[in-house]
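The primary structure of each chain is shown beneath.
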Amino acid sequence: MTDGCTLCDLPLPETTIETEDGARFCCRGCRDVHETLAARDDIDPGAAGQAEVEAALETGERETPPNYESTFLRVDGMHCATCETFIESQAATHEAVSCVDASYITDTVRVDHDPDSLGEDDLRGTLTGLGYRAYARDDPLGKRQAEDQTLMRLIVGIVFGMMVMLNYVAVIYPTYFSNGLYYPAETAEFLEEMITSTSAEYFYLTLGLLTSIVLFYTGGPILKGAYVSLRARQPNMDLLVALAASAAWAYSTLAIFLPAEHIYYDVTVGIIVVVTAGSYYENEIKRKATDRLADLTEAQVENATRYVPDGSTTTVSVDALEAGQRVLVREGERVPVDGTVHDGKGTVDEAVVTGESLPVPKRTGDEVVGGSLLKEGSLVVTVGDGATSSVGRITDVVWDLQSANHGIQQLADRLATIFVPVVLVLAGAVGVLNLLLGASFGTTLLVALTVLIVSCPCALGLATPLAIATSIREALERGIVVFDETIFERLRDIDIVIFDKTGTITTGEMQLLDREGPEHLFDKAALLEARTSHPIATAITEAFDPGPATTDGGAARPRETTDDPPAGRQRVESFESYATGVGGTVDGTEMLVGHPDLFKEQGWELPAHVESPVAQAREAGNVPVVVGSEGTAAGVAVVGDSPREAWEETLTALGEDTEVAILTGDDQRAAESVGDHPAVDHVFAGVPPEAKAETVAQLGADRQTVMVGDGTNDAPALATADLGIALGGGTALAADAADVAIVTDDLATLETVFELSGAANARVKQNIGWAFLYNGVAIPLAVLGLINPLFAAVAMATSSALVVTNSARPLLD
């Protein structure tokens, strides 16, 4: 029997929940998810999605040989599924590597290797080469260097390309038009004599040298991509572009020394610069979008304050902590690692890990999770086994899932697997046929070259990146950041949209929703609540805003430091903080404010007219705060996490085409506040982060899934889903795990994401349709010998211009 939870594989607590079929769970949420999905005949909750998720979860179900470790690296230069295959094959050739997963979507590779035989430096060297460069995932300089090198390649291509094209425009092109329309006929004849003289060889060799720089330096990534596609036996767009550009360059270089009518270096320059510029534009748009979000991840803690029994403390790295040691956590600091409270008390915000919207009081003996924020008080925490952080484990889950999340071949690349062999066979067949018909070798080369040039997929190569870049730009203008360009293909096949509740459907911020009771009591209650930093207390204080007050029993509130309150202000004469509320005396009135159980503990009366609104608040998933004076409860303030504007309309709109599910760490009552919406098909409550990822995987066993969340605890689920969307003020880790981030808090923007996806997909198809229409007309003309390479180059440029123009049009009105 497994030692972990049947659903999420977390260690089982002492209060294990066991079902009749022998399954054991760490919490009710995991049990409910298991039972709900088990009720569906088409899903096996013990198997669906397990291969992917088990490979990612911290508990380590992925089979790794003893003494091996997993290393994550960024790899620049991956831009298609072919690159993934090649990188994996390169790493797998080393005997010290047991498993490799690469993803061009996230530029990430995970390698399980023997560190003694293959260190990280050697591993980076193994994966670096042929235009790829591997570096540590937390190295910001590596990313910047890659961007700078791409820009430099484009600048060099433009500068040297302009040198070539200026000579063509000023000297060569006029010789094609001796009718006086370009230059006077006499000038054109003079230029033609000049470039056909014996000394013209030096002129053409100079052009050849300049073109070589453009082809082999600027076009280096394209040539690399072509080589990789051949090695992987997966023809792609790079191979198409490289064939046409290289063929024009090779023919022109031979033509310098052989009798030939024209030199086509301009074709090589045009192809390489246009395709490189299109790719750079797309990447630059994506980089600008990414720069709008914070770095990964503010919730991780690097240092800790180690505490020793004599009361002294030392600042150490979290990595240096060992189980059983103690750390001091002060108010406002994050708990560095998972552990147990040894001494002290405080209020801890665990939302970053658990997704719970309410901070939790902690006392001696309570467990705390690494990455949670101490809102109030101070704690001495005993470090737990393994000295690990829950946030750190979540981060590892995200990286595992990202490296295993292979990209899909884009439509153009899928078409290229058919188009490339057809063009090559066609060009070869035309060449052989011309030789059999008695044509000269030069003429045969020219006809074959024309077929290759006219088949050059500049338009096809620009069709996807330019349309995608336009889509990304328009998305950014609407507050939508796109990290993975393949979403525009993937969104059209989505079957179910899964929402995290807290911070996604709801605002994630506590506020006063309702109240029943005397006004003056709430004013007094607010004076007491203003002395604590709990979100519920803040909501009450902001709602009633009693203004400055002073205290005779303790330090004054920050906004009032005088001993005598201003006229009309009330005085806090005494104050006491409890685990579930506050109490004290305000202007001679004894007050108690907090949880209903606090009143019972303190022996205060809780009348029936107060218990009724308390029960109603709980049924609605909200928090009742009881207010009383002189030993009796007299009123109730209802505090809750309110739904976002337009949430109902958004769920209704999405529910017309897809299933909708709610997934939350909150309890069932809190989940039902939004789960009762008619568009919601499934509600899963009380689900921990690790189980969220498994739940998404199981829901996606037979369907395409979208996960929408905002917090670090959502990151594994975002990475597990076929497509992840981070909303609003979501943490950097959530954004890093997502394919799309909505930087505003407007939930209605989610509809725009789907609309943009449909428009972008239609635009890509329009561009590709035009590109193939052009090829459908031009290739037969080239095969029949009715056009020459010059005409083919002009037609190619015209086709590309049409694609650029179409891509520039707005996607949405």
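The structure under discussion appears in the preceding block.
So, how was this worked out
- Residues numbered from 1 in each chain as written.
- Predicted model: local features only at pLDDT ≥ 70, side-chain atom pairs only at ≥ 80, totals over all residues.
- Heavy atoms only, no water.
- Patch = residues over 30% accessible without salt bridge, like charges linked within 9 Å, V, L, I, M, F, W, Y side chains within 5 Å.
- Areas by Shrake-Rupley, 256 points an atom, 1.4 Å probe, with all protein chains shown as cover.
- Salt bridge = Lys/Arg side-chain N within 4 Å of Asp/Glu carboxyl O.
- Lys, Arg positive; Asp, Glu negative; His and termini not counted.
- Charge placed at Lys NZ, Arg CZ, Asp CG, Glu CD.
- Helix = DSSP H or I, 4+ residues; strand = E, 2+ residues; numbered from the N terminus.
- Pairing = 2+ DSSP bridges.
- Axes fitted to C-alpha atoms, helices over the stretch in contact; angles between N-to-C directions.
- Core = buried A, V, L, I, M, F, W, Y, C linked by side-chain atoms within 4.5 Å.
- Buried < 20%, exposed > 50% of the residue type's maximum accessible area, 1.4 Å probe, protein only.
- Expected span 1.5 Å × (residues − 1).
- Contact = heavy atoms within 4.5 Å.

Caption draft 1: Seen up close, a negative patch on the surface. A contiguous patch of negative charge on the surface is contributed by Glu18, Glu20, Asp21 and Glu35. With respect to the secondary-structure elements, Glu18 resides in strand β1 (residues 17-18).

Caption draft 2: Up close: the pairing of strand β7 (residues 303-307). In this sheet, strand β8 (residues 313-317) lies alongside β7 in antiparallel orientation, the contact comprising five bridges. In the strand pairing of β8, Tyr307 is matched with Thr313. The sheet contact formed by β7 and strand β9 (residues 326-329) spans three bridges and is antiparallel. Its bridge partner lying in β9, Tyr307 is registered against Arg326.

Caption draft 3: Spotlight on the sheet that holds strand β27 (residues 740-742). If you walk across this open sheet you meet the seven strands as β14-β27-β26-β25-β15-β23-β24, and the pairing is mixed. At either end of the open sheet lies a strand with only one pairing partner, and these are β14 (480-482) and β24 (682-684). Across the sheet, the mean angle separating the axes of adjacent strands is 20 degrees when strand polarity is ignored. Of the pairings in the sheet, the one linking strand β26 (residues 723-727) to β27 comprises three bridges and is parallel in character. Considered in β27, the bridge of Ala726 is made with Ala741.

Caption draft 4: Inspection of the nonpolar core at higher detail. Ranked by internal contacts, the top residues of the largest apolar core, which has 52 residues, are Tyr168, Tyr204, Ile263, Tyr265, Leu449 and Val454. The element that contributes the greatest number of residues to this core is helix α9 (residues 237-257), accounting for twelve residues. Among the nonpolar cores identified, the runner-up in size contains 38 residues, and Ile725, Leu747, Ala759 and Val764 belong to it.

Caption draft 5: Looking closely at helix α7 (residues 200-218). Taking 1.5 Å of rise per residue, the 19 residues of α7 would be expected to cover 27 Å, and the 26 Å separating its terminal C-alpha atoms lies within 8% of that figure. Along α7, the residues classified as buried are Ala200, Tyr204, Leu207, Gly208, Leu210, Thr211, Ser212, Val214, Leu215 and Thr218.

Caption draft 6: Here's a closer look at the environment of Gln602. Within the secondary structure layout, Gln602 lies in the loop between α20 (596-601) and α21 (608-619). Sequence-distant contacts of Gln602, defined by excluding residues within four places in its chain, comprise Tyr578 and Leu592.

Caption draft 7: Quick look at the sheet that holds strand β5 (residues 108-113). Reading across from one edge, β4-β5-β3-β6 is the order of the four strands in this open sheet, with antiparallel pairing throughout. Both edges of this open sheet fall to β4 (97-103) and β6 (133-136), since each of them pairs with a single strand only. Within this sheet the neighbouring strands show an average axis-to-axis angle of 30 degrees, counted without direction. Both strand β3 (residues 69-76) and β6 contribute to a ladder of four bridges, which runs antiparallel. Across the sheet, the residue bridging to Val75 is Ala134, located in β6.

Caption draft 8: Region of the structure containing the pairing of strand β22 (residues 632-643). The buried fraction of β22 is high, at nine of twelve residues. For strand β16 (residues 506-516) and β22, the ladder comprises seven bridges, and the chain directions are antiparallel. Considered in β22, the bridge of Leu512 is made with Val639. Where strand β21 (residues 623-629) and β22 come together, seven bridges link them in antiparallel fashion. Residue pairing for β22: Val623 is matched across the bridge by Val639. Counted along the chain from β21 to the antiparallel partner β22, the turn is two residues long, and its residue Glu630 has a positive phi close to 50 degrees.

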